[in-house]
Amino acid sequence: MPEIIKKTAEDQFYISENIYASSLRIAYFDSLSKVAPKNHKERYNLRKADALLYAGKTKDAIEILERLWEESDKGTLRYKLEAFEEEKIGPLLALAYMRLGEQQNCIHHHNASASCIIPIDPEGYHQAPEGSRKAISLYEQFLKQDSHDYGSLWLLNVAYMTLGEYPEGVPEKWLIPESVFESEYPLKKFEDIAPKLGLNVDDLSGGSIVDDFNNDNLLDVLVSSWFPSGKLQYFINNGDGSFSEKTETAGLQEVKGGLNMVQADYNNDGFLDIFILRGAWMGNLGKHPNSLLKNNGDNTFTDVTIEAGLLSFYPTQTATWADFNNDGWTDLFIGNESDKENINPCEFFINNRDGTFSNFTTKAGLNVSSEKEPYYVKGVTTGDYNNDGWMDIYISTLQSSSKNLVYINKGIGESGNINFEEAGSRMGLEEKISSFPTWSFDYNNDGWMDIFVAGYRRSDFYTIVPDIVKEYLGEPNKAETMRLYQNNKGSFTDVSAEVGLKKIGYAMGANYGDLDNDGYPDIYLSTGEVSYESIIPNRVFRNNSGKEFQDVTTAGGFGHIQKGHAVSFSDIDNDGDQDVHVVMGGAYEGDNFFNSLYINPYQDENNWISLKLEGTEANRAAIGSKIEVKVTEEEGLERSIFHTISSGGSFGCSTLQAQIGLGKASAINEVKILWAGSGTTQILENLKLNTFYKITENKAEAEELNLQPIQLQETVH
């Protein structure tokens, strides 16, 4: 597999046609400028400057752009450019100045709690002000020419923030008021402690899994970077408050690239395995192979993609594991990206229960894309939407001309094969939207799985930034908004507006978890767009008792404006609340940034229970199993809290352990588990609040795990 991955990258990635291969394109445009006719030389110099900027060679880009800008302004360009090319020079130069400021301050002098967190605190002010100061001069010049240049308006305000001159220093006519950043609920602030633990990986966009890979009841961290040269990085939780990187000893040194990853115990040996996804966004250049990494149970992994029968070459970044045929083994659905020029069918693999898989896509009725109707699949999630005991599939697609898809699992047909039926229109999900990350969860605790999907379409702008600014200012925009579809016992209603989520949720990575242990799942949107101009804050919404969602981005300290990708919720320090791991960094090789780990301050606020499920007739990791926790609250009222075992969202993986907030519960009445696949119902009583348990299918008593809170400490490098 390493040779196949390397050869694919050489043929499809490291070529001049690939806009993401910036370093290679620098040399390419440099060579063209040397041999081009005189009237084309500056055209290639401009393209070289663009490539330099996106390769992270900002000062070199500025050197070219400053000359071109000065000569263009004076009308003394040696070789004329087309009008549209001249118009690019100023914005590129301003952007380069902004990026220089980021590199000199946020990256080289990184402060995890303040750098690039909107609105920027004094600790995050730039000590090297040159980049922001020069950017301000240009953006004010642009705004004098066009007061509706919302992109320049946003970056102007951000630049003033970095200098500590916001809001007072911003000319009033261009001020974005502080009030737009106010939170709707006073959530406690979460501190980013990734640097303290050595988990502040400085890389590009990628995947994240936080889970227990070596079965020591401690949560480990695995992150990827999407570039073919990017390595996986595997961090073992030592249990003493520190982490150790074990990438090389785990045999992962040669496993390169991967925009996303999803975990499952595909062979039911009790150890979590990893499926890595590649090729997304690249069309006919994205025919990269995925990888299945078998966990050997000794902190090492082996790539078994070929042996398992999973080798294919389609662009993707999304997949979901579930026991679709209820035989006790997890199967795999992969959502591939198609357009009119490139038809890449989605793939559905049934687990043969011997370490191999068989492709049942056509037999199961899951031929998602065709030449007549291609689907650019960006997110997939599973859930038993009609509570019939069979796992269904929801597919999020990027084209606004296409509806998202819901495939209802009809069980085993007369042919002996699993069958699916597309039923979106019948179930109230026929709306045509452009969307990206998605998940299934029970947001209102009524026992029926709801669906969340983040919108992903901007108005007629180069980036989403103008739409974000318009929303801040209360002006109309045409960007796609988030959708929350409430499950009405088998059909769905869009309740986004009534719960406060009809807002721009332009997210790539996203996930859900319980920020304050009140028993209602909250939302973290990790906002990543390719262009450098798109530095928009991550957004976080608190679920207020299943009635509404409140923006708590600023209060929680989550408003990071660097590119955000995979999101994972987990109780990484065993103190009973859920912490948030976020992979930062963009797509271009110069758009690197540090990953974050936000530590949760709610450990003493509300009650909780943590359940590690192990299937015997059900799949070993219990994926898809449903948990109902019945509690009595302080006022004597009873309520149920529901949780389904999964890794959460479609871009970033939370732990498969059930970490369930119980609010002000005074007692746990019972825990009821419906085991996925086997259909076994198991009821446990006399479980204690604020306790870790392991529950084995058909074993009468839960095993209490003697886990103590971990005092996280400085990692020695």
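Residues numbered from 1 in each chain as written. Predicted model: local features only at pLDDT ≥ 70, side-chain atom pairs only at ≥ 80, totals over all residues. Heavy atoms only, no water.

Under an unreviewed UniProt entry, the name given to the protein chain is CRTAC1 family protein, and the source organism is Autumnicola edwardsiae.

Student: For the sheet that holds strand 32 (residues 626-633), give the residues involved together with the corresponding values.
Tutor: Strand pairing within a sheet occurs via backbone hydrogen bonds; the two strands may be parallel or antiparallel. Taken in spatial order, the four strands of this open sheet run 33-32-35-36, and their pairing is antiparallel. Two strands in the sheet have a free side with no partner beyond their single neighbour: strand 33 (638-644) and strand 36 (681-684). When the angles between neighbouring strand axes are averaged without regard to direction, this sheet yields 20°. One ladder, built from four bridges, connects strand 35 (residues 665-674) with strand 36; its direction is antiparallel. The residue bridging Lys-672 from the neighbouring strand is Ile-683, located in strand 36. (Pairing = 2+ DSSP bridges. Helix = DSSP H or I, 4+ residues; strand = E, 2+ residues; numbered from the N terminus. Axes fitted to C-alpha atoms, helices over the stretch in contact; angles between N-to-C directions.)

Student: So, the UniProt feature "domain: ASPIC/UnbV" (unreviewed entry) in the protein chain: which residues are in play, and what are the values?
Tutor: UniProt records the feature "domain: ASPIC/UnbV" (unreviewed entry) at residues 622-693, using the numbering of this structure. Taken end to end, residues 622-693 comprises 0% helix and 51% strand; its first and last C-alpha atoms sit 14 Å apart. (UniProt positions renumbered as here; feature names shortened; annotations may be inferred.)

Student: Any details on the packing of aromatic side chains? Residues and values, ideally.
Tutor: Tallied over the entire structure, the rule returns 44 aromatic pairs. Here Tyr-20 and Trp-226 contribute two aromatic rings whose centre-to-centre distance is 5.1 Å and whose plane-to-plane angle is 90°, an arrangement assigned as edge-to-face. Taken as a pair, Tyr-20 in the loop between helix 1 (2-12) and helix 2 (22-35) and Trp-226 in the loop between strand 4 (220-223) and strand 5 (233-237) lie far apart in primary sequence, 206 residues in all. The pair formed by Tyr-20 and Trp-226 is uniform in burial state, with each residue classed as buried. Taking the centre distance of 6.4 Å and the plane angle of 40° together, the rings of Phe-436 and Phe-651 count as tilted. In this pair, Phe-436 is assigned in strand 19 (residues 435-441) and Phe-651 in the loop between strand 33 and strand 34 (658-663), connecting sequence segments 215 residues apart. (Phe/Tyr/Trp six-rings, centres within 6.5 Å; stacked < 30°, edge-to-face > 60°. Buried < 20%, exposed > 50% of the residue type's maximum accessible area, 1.4 Å probe, protein only.)

Student: Explain the sheet that holds strand 7 (residues 260-264) to me, and be specific about the residues and the numbers.
Tutor: With antiparallel pairing, the four strands of this open sheet are ordered in space as 7-8-9-10. At either end of the open sheet lies a strand with only one pairing partner, and these are strand 7 and strand 10 (301-303). Along the sheet, successive strands turn relative to each other by an average axial angle of 25°, direction set aside. Here strand 8 (residues 273-277) runs beside strand 9 (residues 291-295); their pairing, made up of three bridges, is antiparallel. Bridging from a neighbouring strand, Phe-275 pairs with Leu-292 of strand 9.

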